[in-house]
Number of protein chains: 2
Amino acid sequence: MWRELAPVGRVRTGGYRRQPFTSAERETVAWFRQECAARDLTVEEDPYGNLVAWWRPEGAAGDAVLTGSHLDSVVEGGGYDGPLGVVSALAAVDALRERGHVPAVPLGIGVFVEEEGSRFGIACLGSRLATGSMSWESARELRDRDGVAFGDVVAGGARSTLVEGVGSFVELHVEQGRDLVHREVPVGVATMIWPHGRYRFDFRGEANHAGTTRMGDRRDPMLTFAGTALEAARIALETGDRATFGRLEVSPNGTNAVPERVTAWLDARAGSEEALRSVVSQIGSSASEQATGHGTSVDVTAESESPEVRFEEALTAEVSRRSDGGSWPAIATMAGHDAGVLSAAGIPTAMLFVRNPTGISHAPAEYAAPEDCLAGVEALADSLQRLTR
Amino acid sequence: MWRELAPVGRVRTGGYRRQPFTSAERETVAWFRQECAARDLTVEEDPYGNLVAWWRPEGAAGDAVLTGSHLDSVVEGGGYDGPLGVVSALAAVDALRERGHVPAVPLGIGVFVEEEGSRFGIACLGSRLATGSMSWESARELRDRDGVAFGDVVAGGARSTLVEGVGSFVELHVEQGRDLVHREVPVGVATMIWPHGRYRFDFRGEANHAGTTRMGDRRDPMLTFAGTALEAARIALETGDRATFGRLEVSPNGTNAVPERVTAWLDARAGSEEALRSVVSQIGSSASEQATGHGTSVDVTAESESPEVRFEEALTAEVSRRSDGGSWPAIATMAGHDAGVLSAAGIPTAMLFVRNPTGISHAPAEYAAPEDCLAGVEALADSLQRLTR
């Protein structure tokens, strides 16, 4: 399966560009449908492009168990974030069938759209719509960088019934750090997701000529941004939180013009909601102070905020059980996931992580060794077997 | 004339977008041709889109006198930089005819394309081609941000003969600072243009996940850029030079990704070539030092360097003569101009500046009061009358 999926949407740099509803991402979806057809799984699609492939043996009844992940990537992302959870789910179904296991309840493999928020700006857009935690009215007008609206690329409208009747969700994911490397185990279980938010910083100054305007006469918003970015990194290093300015828009963005406006997006995450509020407020205060010094201004807008997620304890304990009687270690994750959205919507949820030797994520160097992937599949199959007994 | 020209290419913000060979800029060229036709001036065009409108009275012979400027603007620029020199040249011709003056040598009004370098990246592209200081081979492959080549928008090929036979060039321009405001005079004469250059800084680090990657494990090129931008401003403030980072490209430019690459363009200018080398080298050293600290790297490439220009002394003295026997004050300019290119090509050149109360340039607040514009026209007409006697 991996061999077929690996080249889709991979660009010259080795990075992936599988933005939702682009041809590369649609190709991954076509691949998924083909794999499901080969396994006699029935694929259902909701009006937003989310998919669930159902294994419903005769007589299976009761609350369904859902696994799966997503197939889209960040711009120039790696090949494992998302797809590993979908491929592993298909492989786990194969393993269960080889073992002769027949689920007593329906077992589904979900593929949620726009998990990364790389096109329409809202992470976990598909699962938010599937669970009703975001309305169609607020989603349809989201636009990508070319001005295309989400409402233009999906049917939309009717409420999704895709996760109705789902009693638990288990998502497998490549690790996005080196916790499991240090622990020397191939698989771990997540206990919580750090709260995080995206904040738009609008720095405004005065456009001017880069040659004739004396340095002392300038109101240059680039300098206020620069000072804020350095302060954000310093503060987060000190507190152990995360603060990143990775996206920027400069206007007019000309070599010989002092900019009039710099818009920068802060991605901030912390171990608790209080810590998150504190780090964002410190960065905001530092930005305001520097703006005063530079004769510029800054406005901070929270574009999205995701609360802390604590995964369901009983389910997490179940998923962490190893076949040899031991248990997989518990780790925290600093990244958002569809699992977090389903959990917040009241569906008992757990997450499995597979070791990533580089620790690198959202970039081509993201990786999991084949033997670790197989350990992940086995851990997932074991969990699903117990949950669908 | 001003009333007709003012709305062309002006956008919502009040700024101008007259990029070369866009419809707005072409409209200004059509306007120029119309004004020339109304005055019986013969317009010649070279293969690169440069224009000269000739007034050749019967019997006029000998080295021609050229005036004029450009009609393109920076992105979101002001309405005076360029057009004031063209409008004033047309008005000066009107004034000379009212005075009954008949030039003894040909008198031309030039309009050079892409003076700002806002589309194809090279400032004074038109005058460089017209004087042969840049070759068609190196110009044809210059591309704009959409990938359109300069060779696709002009006929190109043959060498320009437009400025052959020109014995002197006088360019009138709006001031790009407040020197004349402090001196309380409407008009000044430039003695030199500061040397300046454009340098591309390629900062490279490691793309990574903005949530899961600990601050201490990052190699974030955005931080190296930020530190370099602040240092550049600090150094130039101290030395009295100019150093501006006004243009930036971030890759992948995603909110939740530590960038892999930040490319920033430095615009640097100084009072002498030695001072320019020194300020650029200090900024480069600071960038390298910071890159080492951040685990990133930086490469600096000089994209264009313009040497110091000293305008011709005899011509400048002639142009600075006032009708009342006094003389207009001499000032330096920190901005590049077509006059600098013609001067470097061996054509005796002088520049007149008109007071700009805001001192702001390359932005909508750029301005010259009507009475100062009229003083500029008179100073230009006086000069042209003496030079074409």
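What you are looking at is a predicted structure, and each value in this text was computed from that prediction instead of being measured. (Residues numbered from 1 in each chain as written. Chains lettered and ligands numbered in written order. Predicted model: local features only at pLDDT ≥ 70, side-chain atom pairs only at ≥ 80, totals over all residues. Heavy atoms only, no water.)

Visitor: Explain the packing of aromatic side chains to me, and be specific about the residues and the numbers.
Guide: Enumeration over the complete set of coordinates arrives at 22 aromatic pairs over all chains. Centroid distance F120 of chain A to F150 of chain A: 5.2 Å. Interplanar angle 70°. Geometry classified as edge-to-face. Taken together, the residues span a long stretch of sequence, with F120 of chain A in the loop between β4 (107-112) and α4 (125-130) and F150 of chain A in helix α6 (residues 150-153) at a distance of 30 residues. For the pair formed by F120 of chain A and F150 of chain A, the shared burial category is buried. Pairing Y80 of chain B with Y367 of chain B gives two aromatic rings, centres 5.8 Å apart and planes at 80°, and the pair type is edge-to-face. (Phe/Tyr/Trp six-rings, centres within 6.5 Å; stacked < 30°, edge-to-face > 60°. Helix = DSSP H or I, 4+ residues; strand = E, 2+ residues; numbered from the N terminus. Buried < 20%, exposed > 50% of the residue type's maximum accessible area, 1.4 Å probe, protein only.)

Visitor: Describe the domain arrangement of chain A, and please don't skip the residues or the numbers.
Guide: Residues and elements named next belong to chain A. Split by domain assignment, chain A resolves into domain 1 (2-194 + 308-387) and domain 2 (196-306). Between the C-alpha centres of domain 1 and domain 2 there is a distance of 34 Å. Both faces combined, the contact of domain 1 with domain 2 buries some 980 Å², and carbon together with sulfur accounts for 42% of it. Of all residues in domain 1, W194, E308 and M334 give up the largest surface area on contact with domain 2, accounting jointly for 58% of the area buried on that side. Here domain 1 is connected to domain 2 by zero salt bridges. Counting every contact that joins domain 1 to domain 2 gives three residue pairs in polar contact (both at pLDDT 80 or more). Residues belonging to the side of domain 1 that touches domain 2 are distributed by class as follows: five nonpolar, three polar and four charged. (Domains from an automatic or database assignment. Buried area = accessible area lost by both parts, 1.4 Å probe. Salt bridge = Lys/Arg side-chain N within 4 Å of Asp/Glu carboxyl O. Polar contact = N/O pair within 3.5 Å; in protein donor to acceptor, adjacent residues only side chain to side chain. Nonpolar A, V, L, I, M, F, W, Y, C, P; charged D, E, K, R; others polar.)

Visitor: If you had to explain the packing of helix α3 (residues 83-98) of chain A against helix α12 (residues 370-387) of chain A to someone new, which residues and values would you point to?
Guide: How two helices pack is summed up by the angle between their axes together with the distance between the axes. All names here are of chain A. Closest axis-to-axis distance for the α3/α12 pair is 8 Å, and the angle between their directions is 60°. Comparing the axis directions of α3 and α12 gives the class oblique. The two elements α3 and α12 meet at a crossing, and its hand is right-handed. Within the contact between the two elements, α3 uses L84, S88, A89, A91, A92, A95 and L96 and α12 uses C373, V377, L380, A381, L384 and Q385. When grouped by side-chain class, the residues that make up the contact of α3 with α12 number eleven nonpolar, two polar and no charged. (Axes fitted to C-alpha atoms, helices over the stretch in contact; angles between N-to-C directions. Parallel < 35°, antiparallel > 145°, perpendicular 65-115°, else oblique. Left-handed = near helix turned anticlockwise from the far one by under 90°. Contact = heavy atoms within 4.5 Å.)

Visitor: Can you lay out the relation of the copies chain A and chain B for me, pointing to particular residues and giving the numbers?
Guide: Superposition record for chain A on chain B: RMSD 0.1 Å, screw rotation 179°, translation along axis 0.1 Å. Such a combination of rotation and displacement between the chain copies is what one expects of a two-fold axis. Considering only C-alpha atoms, the part of chain A nearest the rotation axis is A226 of chain A, at 2.1 Å. Looking at the interface residues of chain A, 100% of them are also at the interface in chain B, so both copies use one shared face. (Least-squares fit on C-alpha atoms with pLDDT ≥ 70 in both.)

Visitor: Describe in detail empty space enclosed by the protein, supporting the description with residues and values.
Guide: Under the counting rule described, the total for this entry stands at six cavities of 30 Å³ or more. Considered as a void within the structure, the largest cavity measures approximately 120 Å³ in volume. Among the residues making up the lining of the largest cavity, the classes are represented as three nonpolar, eight polar and five charged. Residue contributions to the lining of the largest cavity reach at least three from each of two domains, namely domain 1 (2-194 + 308-387) and domain 2 (196-306) of chain A. In terms of lining, the second largest cavity is formed by A229, A232, A233, A243, T244 and F245 of chain A together with M215, R218, D220, M222 and L223 of chain B. The set of elements that each furnish at least two residues to the lining of the second largest cavity consists of α8 (221-239) and β9 (242-251) of chain A together with α8 (221-239) of chain B. Class assignment for the residues of the lining of the second largest cavity results in eight nonpolar, one polar and two charged. (1 Å grid on protein atoms, 1.4 Å probe; cavity = no way out; pocket = protein on both sides within 12 Å on 5 of 7 lines; lining within 4 Å. Points joined across faces, edges and corners; volume = space filled by probe spheres on them.)

Visitor: Tell me what's going on with the sheet that holds β9 of chain A, and back it up with residues and numbers.
Guide: Residue and element names in this part refer to chain A. The four strands lie next to each other as β9-β11-β7-β12, forming an open sheet whose pairing is antiparallel. This sheet does not close on itself; its edge strands, each paired only once, are β9 and β12 (297-306). Averaged over neighbouring strand pairs, the angle between their axes works out to 20° when direction is ignored. Examined bridge by bridge, β9 and strand β11 (residues 261-269) share nine bridges and lie antiparallel to one another. Bridged to R247 within β11 is W265. Across the sheet, α8 lies against β7 (196-204), β9 and β11, angled at about 170° from β9, the strand it touches most. (Pairing = 2+ DSSP bridges.)

Visitor: Can you break down the confidence of the model for chain A residue by residue, with the values?
Guide: The share of residues in chain A with pLDDT of 70 or more is 100%, and the mean pLDDT across the chain is 94. Taken together, the chains of this predicted complex give a pTM of 0.77 and an interface ipTM of 0.78. (pLDDT = per-residue confidence, 0-100.)

Visitor: Which residues make up the sheet that holds strand β7 (residues 196-204) of chain B, and what values do they have?
Guide: All names here are of chain B. The antiparallel open sheet is built from four strands, whose spatial order is β9-β11-β7-β12. Strands with a single pairing partner mark the edges of an open sheet, and in this sheet they are β9 (242-251) and β12 (297-306). Here the average twist between neighbouring strands, direction ignored, is 20°. Sheet contacts for helix α9 (residues 273-294): β7, β9, β11 (261-269) and β12; angle to β7, the most-contacted strand, approximately 5°.

Visitor: Lay out the pairing of strand β6 (residues 187-193) of chain B in plain terms, naming residues and giving numbers.
Guide: All names here are of chain B. Of all seven residues in β6, six are buried, a share of seventy percent or more. As judged from the four bridges shared by β6 and strand β15 (residues 349-354), these two strands associate in the antiparallel manner. Considered in β15, the bridge of G188 is made with F353. Sheet topology places β6 next to strand β14 (residues 330-333); four bridges connect them, and they run parallel.

Visitor: Please provide a residue-by-residue account of the interface of chain A and chain B, values included.
Guide: Contacts between the two partners involve 56 residues from chain A, matched on the other side by 56 residues from chain B. Regarding the contact of chain A and chain B, the summed buried area is about 4,800 Å², with carbon and sulfur atoms giving 59% of it. The interface formed by chain A and chain B contains zero salt bridges. For the side of chain A that touches chain B, the elements supplying multiple residues, two or more each, are β8 (208-209), α8, β9, β10 (257-258) and β11 of chain A. Broken down by element, the residue count for the side of chain A that touches chain B peaks at ten residues, all from α8 of chain A.

Visitor: Give a description of the side chain of S361 of chain B that names residues and reports values.
Guide: With respect to the helices and strands, the residue S361 of chain B is situated in the loop between β15 and α12 (370-387). We classify S361 of chain B as buried; its relative accessible area is 0%. When near neighbours in sequence (up to four residues on either side) are disregarded, S361 of chain B contacts N208, H209 and T212 of chain A together with D81, Q176 and E366 of chain B.

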